[in-house]
Amino acid sequence: MLNLCLPTDMTDSNKMIINLALFGMTQSGKSSAGNILLGSTDFHSSFSPCSVTKDCCLGRSCHLCGFMRRGGQEITLQIQVLDTPGYPHSRLKQEHVKQEVKEALAHHFGQEGLHFALLVQRADVPLCGQEASSSVQMIQELLGHAWKNYTAILFTHAEKIEEAGFTEDKYLREASDTLLTLLNSIQHRCIFQYKKGNSLNEQRIIILERIMEFIKENCYQVLTFK
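Since the structure is predicted, the reported quantities are computational estimates derived from the model, not experimental observations. (Residues numbered from 1 in each chain as written. Predicted model: local features only at pLDDT ≥ 70, side-chain atom pairs only at ≥ 80, totals over all residues. Heavy atoms only, no water.)

We now examine the overall build of the protein. Secondary structure assignment for the protein yields seven helices and nine strands. Burial status across the protein gives 52% buried among its 226 residues. In the protein, 75% of the contacts between residues at least 6 apart in sequence involve partners at least 24 apart. Roughly 10900 Å² of accessible area belongs to the protein as shown, and the carbon and sulfur atoms make up 50% of that amount. (Helix = DSSP H or I, 4+ residues; strand = E, 2+ residues; numbered from the N terminus. Buried < 20%, exposed > 50% of the residue type's maximum accessible area, 1.4 Å probe, protein only. Contact = heavy atoms within 4.5 Å. Areas by Shrake-Rupley, 256 points an atom, 1.4 Å probe, with all protein chains shown as cover.)

Below, the structure written as structure tokens:
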């Protein structure tokens, strides 16, 4: 059962814990993106011809002091990220993965709630076909009817867009019908993650600032799982 509410951590006016979950296909870059969000190497990430992540794993960042201001006060931010197996998975059955993620969401975010889900998608791989829609369907099933308000796309390998001579706007305009339909469903919420030009810390701050914009638009509400 899903409920919308304000997270209990918001009662501490000087500290905020942000809970995120990563979804996506095998080798989309979920674990690597999670490490950038955390500013660590908590999640194992490597190139492989098959799925690397087999179990859900929760990572916690160090405290980010003075990351933002709210009500005239500096807020200390901590990020919690749930990394999930690729879906579809090269070795695990889809129902197994879905059940594993469902239990992990309830275990880690059952009370505190989930602020946002990130669908991780390689920018250099077109989003199309049944495999691509499987991850979206899982998000819909696990997050319920409000999934559209709590989901954004995180494009990894976004430097490939620049190498091909595209701007972000042109890339989105010429995207597949599948991607355009999805973007329309989630109010065009997306983030581009680049590997070139910025340090890892700069990438992290840029992505977190964008995520916080989405969370503020939701008035800091969360999805809880029971």
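In a pair of packed helices, the angle between the axes and the distance between the axes together describe the arrangement. Their axes nearest at 8 Å, the elements helix H1 (residues 30-38) and helix H7 (residues 200-217) cross at an angle of 90 degrees. Comparing their axes, H7 and H1 come out roughly perpendicular. Every residue of H7 that contacts H1 at Ile36, Leu37 and Leu38 is listed here: Leu200, Gln203, Arg204, Ile207, Leu208 and Ile211. Of the residues that constitute the contact of H1 with H7, the class distribution is seven nonpolar, one polar and one charged. (Axes fitted to C-alpha atoms, helices over the stretch in contact; angles between N-to-C directions. Parallel < 35°, antiparallel > 145°, perpendicular 65-115°, else oblique. Nonpolar A, V, L, I, M, F, W, Y, C, P; charged D, E, K, R; others polar.)

One non-glycine residue with positive phi stands out, namely histidine 157, at about 55 degrees. With respect to the secondary-structure elements, histidine 157 resides in the loop between strand S7 (151-156) and helix H4 (159-163). What makes histidine 157 buried here is its relative accessible area of 15%. With phi around 65 degrees, tyrosine 220 is a residue other than glycine that occupies positive phi space. For tyrosine 220, a relative accessible area of 8% puts it in the buried group.

This paragraph deals with the nonpolar core. One finds Phe23, Leu105, Ile153, Phe155 and Phe192 to be the most contacted residues of the largest nonpolar core, which totals 40 residues. Each residue touching phenylalanine 192, except ones within four places of it in the same chain, is listed here: Phe155, Ala158, Ile161, Glu168, Tyr171 and Leu172. Core analysis: the second largest hydrophobic core is formed by 29 residues, Ile75, Ile79, Val81 and Ile207 among them. (Core = buried A, V, L, I, M, F, W, Y, C linked by side-chain atoms within 4.5 Å.)

Under the definition given, this model contains five salt bridges. Here glutamate 141 ties to lysine 98 by a salt bridge, and the two come within 3.0 Å at their closest N and O atoms. Taken together, the residues glutamate 141 in helix H3 (residues 129-143) and lysine 98 in helix H2 (residues 94-109) connect sequence positions 43 residues apart. Taking the shortest distance from any N to any O, the salt bridge between glutamate 213 and arginine 210 comes out at 2.7 Å. Taken as a pair, glutamate 213 and arginine 210 lie in helix H7 at a separation of three residues, close to a single helical turn. The class for arginine 210 is partly exposed, based on a relative accessible area of 30%. Among the ionic contacts, a cluster of salt bridges with common partners joins Glu95, Lys98 and Glu141. (Salt bridge = Lys/Arg side-chain N within 4 Å of Asp/Glu carboxyl O.)

For asparagine 218, the position within the fold is in the loop between H7 and strand S9 (222-225). In this structure, asparagine 218 is in contact with Phe116, Asn149 and Tyr150, ignoring residues within four places of it in sequence.

Our focus in this paragraph is the side chain of arginine 204. Turning to its location among the elements, arginine 204 is positioned in helix H7. Buried charge without a salt bridge: arginine 204, with aspartate 42 as the nearest opposite-charge side chain at an N-O distance of 9.7 Å. From its side chain, arginine 204 meets the backbone oxygen of leucine 38 in a polar contact 3.1 Å long. In contact with arginine 204, other than residues within four places in its own chain, are Ile36, Leu37, Leu38, Gly39, Ser61 and Leu64. (Lys, Arg positive; Asp, Glu negative; His and termini not counted. Polar contact = N/O pair within 3.5 Å; in protein donor to acceptor, adjacent residues only side chain to side chain.)

The buried fraction of H1 is high, at eight of nine residues. Taken as a whole, H1 has its buried residues at Lys30, Ser31, Ala33, Gly34, Asn35, Ile36, Leu37 and Leu38. Contacts from the buried residues of H1 go to strand S2 (15-24), strand S3 (57-60), strand S5 (73-83), strand S6 (116-122), S7 and H7. Positive phi appears at glycine 39, one or two residues downstream of H1, with a value of about 70 degrees.

Along its 18 residues, H7 runs 26 Å from first to last C-alpha, staying within 8% of the 26 Å computed at 1.5 Å per residue. For H7, the full list of buried residues reads Gln203, Arg204, Ile207, Leu208, Ile211, Met212, Phe214 and Ile215. Buried residues of H7, seen end-on, are gathered within an arc of 160 degrees and therefore sit on one face of the element. Once H7 ends, the next one or two residues include cysteine 219, with phi positive near 60 degrees. (Expected span 1.5 Å × (residues − 1). Arc of directions from axis to C-beta.)

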